[in-house]
Amino acid sequence: MAPTKQRLLGALLGVHAGDSFGAAHEFDSWYTIQKNFPPNGNIPRAITGGGPFKWSPGHATDDTDNTRAVLLAYSEVVVKATADKEQYGTEPTDTFLSISQTAGKHMLQWYSGPWPGRPDRSRPKDVGGATSAGLTLFARAARQDPRKAGAGPGRCGNGSLMRCIPTALFARDHERLVQETALISAITHNDWRCILACVAYNVMVREMVYNDVTPDTAVSKALEVLADPETSDTIVAALTVGSAAPDTSTYDANRAEVEAAIEKCRGPDFDVGVLANVGPQKAELKDGEKALPLAGNGYVLESLSLAVGALLDTKRSWEDLIVDVVRVGRDTDTNGAIAGGLVGARDGLDAIPAEWRAKLQFRDEFTKLVDQICG
Ligand SMILES: [Mg+2]
């Protein structure tokens, strides 16, 4: 397999593998994991299923399901555009809203079914609060416009970061990557921290998958994009409907928070292995601040820090890093998914253990969709 395809599938199935692996420990604190798996939180290095929702091994949870929703949108829109070009010789006619509207439609399908792997007329058992609020608004919005949805400022969980990766892999160009990432986040999570965390994450993934840069360079590029005034202009324009522009009063302060969440991972004192071994209550940065003050409970910028911290730990394998991200505790499936995708873009598909990959519910479908989109 070509190296680019390795990294592309490593990113996409890295989300699924991290999610399905972490699902067995969802909501467990670091202390609970330490107590249940002696010595020192020695969790099984296998996709076991279980957890509070009693998943079968390899079952997708909301993280992978919603990643699938976004992936299906790219498949439909990109495949149609390619077919039109072949048949009529026309350039793609999709608008910058097409992908996000189609992604939202598939998220609604997940929210109210039917959906693969679920009994008929059943709802998903693990819907986040902002996701539920955002999708309800999206369903009611005129022409199902993502710009008229979103749970609003202050709702800053990791529920859009966990499913943003297909845009890094399939957006047509840089402007589209920024627009589509922002709009797809805004369907449910339109707090600037969520939107900007998704943009930074997707820039890192794209740089590693397509430009084969080092993790450190990918992180620098993401910070450069965040600081670029064109990025804020593009995002604000994408989220403006007619004369109704989004409230930008907190944009700069929120952007500084996202930058700080990334920057703090660059020092040797932010160490995913230490966080997993001594626990988020004790792991400190050199200034005495806690490395993860909320202990990995689902705040978008903590999930981003954990993923970037894992990415920059270049001496350790995908498996070792994702096991440690999950051992930190709390939102283990989503933290595993977000880090799994980012480190998967670094290390490629073969770095994910073969026994883990073999269990993934959507492995074959995701692989087939990638082939369709890539042509
Ligand atoms: Mg989940």
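Structure first, text after, so check above.
One structure accompanies this document, and this report is about it. (Residues numbered from 1 in each chain as written. Predicted model: local features only at pLDDT ≥ 70, side-chain atom pairs only at ≥ 80, totals over all residues. Heavy atoms only, no water.)

Comments concerning the nonpolar core
So, step 1. Core analysis: the largest hydrophobic core is formed by 113 residues, its most contacted members being Tyr201, Met204, Val205, Ile235 and Ile262.
So, step 2. Counting residues per element, this core draws most heavily on helix α8 (residues 192–211), which supplies 14 residues.
So, step 3. Ignoring any residue separated from it by four or fewer positions in sequence, one finds Val205 in contact with Ala11, Ile165, Ala168, Leu169, Leu342 and Ala345. (Core = buried A, V, L, I, M, F, W, Y, C linked by side-chain atoms within 4.5 Å. Buried < 20%, exposed > 50% of the residue type's maximum accessible area, 1.4 Å probe, protein only. Helix = DSSP H or I, 4+ residues; strand = E, 2+ residues; numbered from the N terminus. Contact = heavy atoms within 4.5 Å.)

Some points on unusual backbone geometry
Backbone phi values are negative for most residues with the exception of glycine, while trans is the configuration of most peptide bonds.
So, step 1. Here the amide bond leading from Pro38 into Pro39 is cis, since omega sits at -5°, within 30 degrees of zero.
So, step 2. A cis amide bond links Gly113 with the next residue in sequence, Pro114, at an omega value of 0°.
So, step 3. Residue position: Pro114 is located in the loop between α4 (98–112) and α5 (129–140).
So, step 4. In this structure, Asn40 takes a positive phi of about 60° despite not being glycine.
So, step 5. Owing to a relative accessible area of 36%, Asn40 belongs among the partly exposed residues under this scheme.
So, step 6. Its identity as a non-glycine residue notwithstanding, Lys54 has a phi of 55°, on the positive side.
So, step 7. For Lys54, the location among the structural elements is in the loop between α2 (30–36) and α3 (62–88).
So, step 8. Residue classification places Lys54 among the exposed positions, given a relative accessible area of 69%.

Here's the deal with the coordination of the magnesium ion
So, step 1. Coordination of the magnesium ion by the protein involves Thr61 (OG1), Asp62 (OD), Asp63 (OD) and Asp333 (OD), with metal-donor separations of 1.9 to 2.3 Å.
So, step 2. In terms of primary sequence, the donors binding the magnesium ion are separated according to T-D-D-x269-D.
So, step 3. Exposure remark for Thr61: the relative accessible area of 0% places this residue in the buried category.
So, step 4. Overall, the relative accessible area of 0% leaves Asp63 in the buried class. (Donors = N, O, S within 2.8 Å, 3.2 Å for Na, K, Ca; no water.)

Considering the packing of helix α13 (residues 300–312) against helix α15 (residues 332–347)
So, step 1. Between α13 and α15, the least distance of the axes is 9 Å, while the angle of their chain directions is 30°. Relative to α15, the crossing made by α13 is right-handed. On α15, the residues touching Ser303, Leu306, Ala307, Val308, Ala310 and Leu311 of α13 are Asn335, Ile338, Ala339, Leu342, Val343 and Arg346. (Axes fitted to C-alpha atoms, helices over the stretch in contact; angles between N-to-C directions. Left-handed = near helix turned anticlockwise from the far one by under 90°.)

Quick notes on the packing of aromatic side chains
So, step 1. This model, assessed by the stated rule, comprises nine aromatic pairs.
So, step 2. Summarising the aromatic geometry, the rings of Tyr74 and Phe170 are spaced 6.2 Å apart at their centres and angled 45° between planes, so their arrangement reads as tilted. Highlighted residues: Tyr74 in helix α3 and Phe170 in helix α6 (residues 165–170), separated in sequence by 96 residues.
So, step 3. Relative accessible area serves as the criterion here: at 1%, Tyr74 is assigned to the buried category.
So, step 4. Judged by relative accessible area, which is 9%, Phe170 ranks as buried.
So, step 5. A centroid spacing of 5.0 Å and a plane angle of 70° characterise the contact between Trp192 and Tyr251, whose relative ring orientation is edge-to-face. With Trp192 in helix α8 and Tyr251 in helix α11 (residues 251–263), this residue pair connects regions lying 59 residues apart in the sequence. The burial state of Trp192 is the same as that of Tyr251; both residues are buried.
So, step 6. Pairwise contacts between aromatic rings join Phe21, Trp318 and Trp356 into one cluster.
So, step 7. Across from the ring centre of Tyr111, 4.8 Å away, lies the NZ or CZ of Arg123, which sits over that ring. (Phe/Tyr/Trp six-rings, centres within 6.5 Å; stacked < 30°, edge-to-face > 60°. Lys NZ or Arg CZ within 6 Å of the ring centre and 35° of its normal.)

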